[in-house]
Amino acid sequence: METFFATLVSASLIVTWFGAGEATPDRIALLYPSCDYGPRYEASAASNATTLETAELKPFGRPETGWRIYAAQVGRTIGTACPPDTQRFAGQLAKWQSHNRMRPTGAMDGATLVAMKQAWQGARPFIAAFAEGSCPAPAADRDLSDAKPLEGWQGKQTELDQDALKALRRMIAAARTEDRRIARDKQMLTIVSAYRSPEYDAERCAGGKCNGIAKARCSAHRTGTAIDLYVGAAPGFSPVSSDDKNRLYQTKTPTYRWLVANAARFGFVNYVFEPWHWEWAGNPTKLAAKTGNGAGQGRAR
Ligand SMILES: [Zn+2]
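Here the structure is a predicted model, which is why all the values come from computation and not from measurement. (Residues numbered from 1 in each chain as written. Predicted model: local features only at pLDDT ≥ 70, side-chain atom pairs only at ≥ 80, totals over all residues.)

### Details of the overall build of the protein chain
Here is step 1: The helix and strand tally for the protein chain stands at 13 helices and ten strands.
Here is step 2: Per-residue burial over the protein chain gives 40% buried out of 301 residues.
Here is step 3: A sequence separation of at least 24 residues applies to 65% of the contacts in the protein chain between residues at least 6 apart. (Helix = DSSP H or I, 4+ residues; strand = E, 2+ residues; numbered from the N terminus. Buried ≥ 20, exposed ≤ 12 C-beta atoms within 10 Å, placed from the backbone. Contact = placed C-beta atoms within 7 Å.)

### Quick look at the sheet that holds strand β9 (residues 277-280)
Here is step 1: Sheet architecture is open: four strands sit in the order β5-β7-β9-β8, paired in antiparallel fashion. Unpaired on one side and paired on the other, β5 (191-193) and β8 (268-270) mark the two borders of the sheet. Strand-to-strand twist in this sheet, taken as the mean axis angle between neighbours without regard to direction, amounts to 45 degrees.
Here is step 2: Bridge count between β5 and strand β7 (residues 226-229): two bridges; the pairing is antiparallel. Among the inter-strand pairings, Ser193 is bridged to a residue of β7, identified as Asp228. (Pairing = 2+ DSSP bridges. Axes fitted to C-alpha atoms, helices over the stretch in contact; angles between N-to-C directions.)

### Section: the environment of Ala164
Here is step 1: One can find Ala164 in helix α8 (residues 162-178).
Here is step 2: According to the C-beta neighbour criterion, Ala164 is buried, with 29 such atoms within 10 Å.
Here is step 3: Measuring from C-alpha to C-alpha, the distance between Ala164 and Phe268 comes to 8.9 Å, with 104 residues separating the pair along the chain.
Here is step 4: Excluding residues within four positions of it along the chain, Ala164 makes contact with Gly224, Thr225, Ile227 and Trp280.

### Section: the confidence of the model for the protein chain
Here is step 1: Looking at the protein chain as a whole, its pLDDT mean stands at 85, while 79% of the residues score no less than 70.
Here is step 2: A low-confidence stretch, residues 5-9 stays under pLDDT 50, and its non-local contacts, those more than four residues away or across chains, total zero contacts.
Here is step 3: Note that residues 288-299 has pLDDT below 50 and, in this model, 30 contacts with residues that lie over four places away or in other chains. (pLDDT = per-residue confidence, 0-100.)

### Looking at the packing of helix α4 (residues 71-78) against helix α5 (residues 87-99)
To characterise two packed helices, one gives the angle between the axes of the helices and the distance between these axes.
Here is step 1: For the pair α4 and α5, interaxial distance at closest approach is 9 Å and the crossing angle is 65 degrees. Here α4 and α5 pass one another in a crossing that is left-handed. Residue-level inspection shows Gly75, Thr77 and Ile78 of α4 in contact with α5, the latter providing Phe89, Gln92, Leu93, Lys95 and Trp96. (Left-handed = near helix turned anticlockwise from the far one by under 90°.)

### Points about the nonpolar core
Here is step 1: Of all hydrophobic cores here, the largest spans 64 residues; its most connected members are Ile227, Leu229 and Phe268.
Here is step 2: The leading source of residues in this core is α8, at six residues. (Core = buried A, V, L, I, M, F, W, Y, C linked by C-beta atoms within 7 Å.)

### Describing the environment of His277
Here is step 1: Looking at the element boundaries, His277 is found in strand β9.
Here is step 2: Residue class for His277 comes out buried when judged on the 24 C-beta atoms lying within 10 Å of it.
Here is step 3: In this structure the C-alpha to C-alpha distance between His277 and Tyr230, which are 47 residues apart in sequence, comes to 9.2 Å.

### Structural notes on the environment of Ser219
Here is step 1: Within the secondary structure, Ser219 is located in strand β6 (residues 218-219).
Here is step 2: Ser219 gets classed as buried once you count the C-beta atoms within 10 Å, which come to 27.
Here is step 3: Once the C-alpha coordinates of Ser219 and Tyr195 are considered, the two residues, 24 residues apart in sequence, prove to be 9.8 Å apart.

### What to know about unusual backbone geometry
Here is step 1: A positive phi angle, near 55 degrees, is found at Gln154, a position not held by glycine.
Here is step 2: Look at Gln154 and you get exposed, because 10 C-beta atoms sit within 10 Å.
Here is step 3: One non-glycine residue, Leu189, lies in the positive phi region at around 70 degrees.
Here is step 4: Mapped onto the fold, Leu189 is located in the loop between α9 (180-184) and β5.
Here is step 5: For Leu189, a count of 24 C-beta atoms within 10 Å gives the class buried.

Below, the structure is given as structure tokens:
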């Protein structure tokens with residue numbers, strides 16, 4: 001009986017402590033003691049701990065080292081909050097591999113990451129519309145709304161699809177309520193860029209300001225439903241810099257972590273290569289119906 005009460009008391013202390021605090025890796029490990037349970041995946045967990053930092057990969061076409069940038073989205077996809085170097089994570093990854101007709105090793109590799117990227121990309125209505133063979137037409141003026149200056153990053157004036165704006169406002173209010181670290185910084189989740197006309201993008205890219213990747217011949221931003229959100233930035237970097245240092249920094253912020261876990265509730269999906277780029281998928285038929293002019297390779301940015 002004494003043991004029972006001792007257990008009860010320590011369990012409630014843990015719950016109280018966690019409820020009052022922030023989800024640091026230590027706290028997550030404490031809440032999920034089974035993250036390291038499952039000796040079957042010991043070797044896979046060890047492999048993941050190494051490849052996280054060292055594997056030479058190119059899931060989005062550009063060579064990069066390690067997959068830590070994608071670890072949060074991988075965790076969401078395979079359904080675990082355990083850290084990426086744990087046995088539980090490896091076990092869940094093995095299940096995902098099995099469901100996707102791959103060898104269930106539980107170890108991340110180039111083929112698994114590419115398959116996962118395809119799943120992530122497939123969730124973006126913009127990509128689905130694009131896959132039908134044409135570039136979505138730009139948003140109609142009547143569908144666009146101005147965001148308030150306070151909603152723009154550093155007061156920037158932006159406009160976006162009016163339904164996307166409503167969904168965005170609901171999402172930001174929830175983020176601030178649910179995570180006080182997000183609420184503390186009023187710049188968090190402000191809009192860095194939203195609707196951009198094809199003409200504007202053509203001019204911008206001609207000036208060499210397309211982030212050094214490919215020219216944005218058909219940017220998702222023309223739809224008015226793609227939004228670059230401020231999720232933090234590594235010191236010295238733009239909030240939309242695709243430098244790996246900046247992307248890694250961003251994927252560790254509480255804001256990005258919250259979005260990964262919750263944005264789908266509000267109809268938003270991430271272009272996972274860019275931690276700042278989110279698309280409202282709340283009304284995919286609207287976007288599909290808009291397919292029309294333009295051609296070329298789709299780029300989010
Ligand atoms: Zn973007």
